[in-house]
Amino acid sequence: MSESTSSAEAAPTASRMLSMLRGFVTGIIGLAYAFLIWNATFYLIEMAQAGISGYGWTVLLMPVIVPMIVFVVALLMTRRRTLGVFIAAMLAGLGLSAVFWLDTLSYALRNGASLLG
Amino acid sequence: MSSDPDDDALSWEGDAALDARRPAPHPSERSTQPAPPSRDQAASPAGEQADAHDDEPHGIGTVTLVMLGIFGGVYLLYTIGWVIGGVGMQAKAMFMLPAPLYLASMWIAALAPALWFVATLMLTRGGKDWVRISALVVGAALLVPWPFVVAGGGGAL
């Protein structure tokens, strides 16, 4: 981990501390994204056991992929911004991912028959 | 306001910054529109002496401020829509999803409009007004509470 390597050095500078904090925050928020991905994957597996069509696979795979894309986009957009802006953008992306996941879930619940193969 | 700051009944920290801004009002369309009364004006009895431009938050025009208010209201309705729609969808969703998974997702989605609003304001701080409004428009398009909408607004899926 970066913590162990930096603690080996004599005095971590303020910028190093800040980048460590940034990495820590990225990890925590990344876990939240992973939670959403896990949600979507869980549901996909449950549905796959019932037997879904290619269309169903496409629809239910979207909320697995979209949070990853949103995460990367939010990360790239705020690469040169302050920590506060970075956190705000990552959380907004998390909200967007959750919204997309529930939109998909709502569609799957209403149109379950069209997803089955 | 008199030219000598010592003649004022009250002086505030930041008066120097106010005075520095006073001689140069913003040369924009805002000069034709009255600024909304801010708490500074309401609080001080000598508020009518102050030029309306002095009470404008620096960098935010009246039109932008109104748009922010409108979108704030829309986002607030979205939040309510997500809570109602999410709770309405809950019973059916839990056939296949464990309750903690679904509920956590639902509350993140309910917070999404507020998170987007804050992130937009922070990310576009100091940017052009149309960029800020566009980001809010995009958010309003993306964060529509579909579970609420497709259920006819009743929330019962």
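Residues numbered from 1 in each chain as written. Chains lettered and ligands numbered in written order. Predicted model: local features only at pLDDT ≥ 70, side-chain atom pairs only at ≥ 80, totals over all residues.

## Observations regarding the overall build of chain A
Step number 1: When its secondary structure is counted, chain A shows five helices and zero strands.
Step number 2: Going residue by residue from the N terminus, the α and β elements of chain A occur as α-α-α-α-α.
Step number 3: In chain A, which comprises 117 residues, the proportion classed as buried is 32%.
Step number 4: Counted over contacts in chain A with a minimum sequence separation of 6, partners at least 24 positions apart contribute 69%. (Helix = DSSP H or I, 4+ residues; strand = E, 2+ residues; numbered from the N terminus. Buried ≥ 20, exposed ≤ 12 C-beta atoms within 10 Å, placed from the backbone. Contact = placed C-beta atoms within 7 Å.)

## Things to note about the interface of chain A and chain B
Step number 1: Tallying the contact residues gives 24 residues for chain A and 26 residues for chain B.
Step number 2: Of all the secondary-structure elements, those providing two or more residues to the side of chain A that touches chain B are α2 (14-50) and α4 (83-110) of chain A.
Step number 3: Take the side of chain A that touches chain B: its biggest share by element is 18 residues, from α4 of chain A.
Step number 4: Residues of the side of chain A that touches chain B, tallied by class, amount to 17 nonpolar, four polar and three charged. (Nonpolar A, V, L, I, M, F, W, Y, C, P; charged D, E, K, R; others polar.)

## So, helix α3 (residues 62-93) of chain B
Step number 1: For α3 of chain B, which comprises 32 residues, the first-to-last C-alpha distance of 44 Å matches the rise-based estimate of 46 Å (1.5 Å per residue) to within 8%.
Step number 2: The largest bend along α3 of chain B reaches roughly 25° and is located at V87 of chain B.
Step number 3: Those residues of α3 of chain B not exposed but buried are F71, Y75, Y78, G81, W82, G85, G86, M89 and A93 of chain B.
Step number 4: Lining the buried residues of α3 of chain B we find α4 of chain A together with α4 (99-123), α5 (129-142) and α6 (146-150) of chain B. (Expected span 1.5 Å × (residues − 1). Bend = angle between axes of the 7 residues up to and from the residue.)

## Things to note about the nonpolar core
Nonpolar side chains tend toward joint burial in soluble globular proteins.
Step number 1: Core analysis: the biggest nonpolar cluster contains 47 residues, and A98 of chain A together with A109 and A112 of chain B have the highest contact counts within it.
Step number 2: At the level of elements, α2, α3 (54-77) and α4 of chain A together with α3, α4 and α5 of chain B are the ones that each hand at least two residues to this core.
Step number 3: The leading source of residues in this core is α4 of chain A, at 15 residues.
Step number 4: Setting aside residues up to four positions removed in sequence, A112 of chain B forms contacts with G95, L96, A98 and V99 of chain A together with L143 of chain B. (Core = buried A, V, L, I, M, F, W, Y, C linked by C-beta atoms within 7 Å.)

## Concerning the packing of α4 of chain A against α4 of chain B
Step number 1: For the pair α4 of chain A and α4 of chain B, the least separation of the axes is 7 Å and the interaxial angle reads 140°. The angle between α4 of chain A and α4 of chain B falls in the class oblique. At the point where α4 of chain A passes α4 of chain B, the crossing takes the left-handed sense.
Step number 2: Split into classes, the residues belonging to the contact of α4 of chain A with α4 of chain B amount to 22 nonpolar, three polar and no charged. (Axes fitted to C-alpha atoms, helices over the stretch in contact; angles between N-to-C directions. Parallel < 35°, antiparallel > 145°, perpendicular 65-115°, else oblique. Left-handed = near helix turned anticlockwise from the far one by under 90°.)

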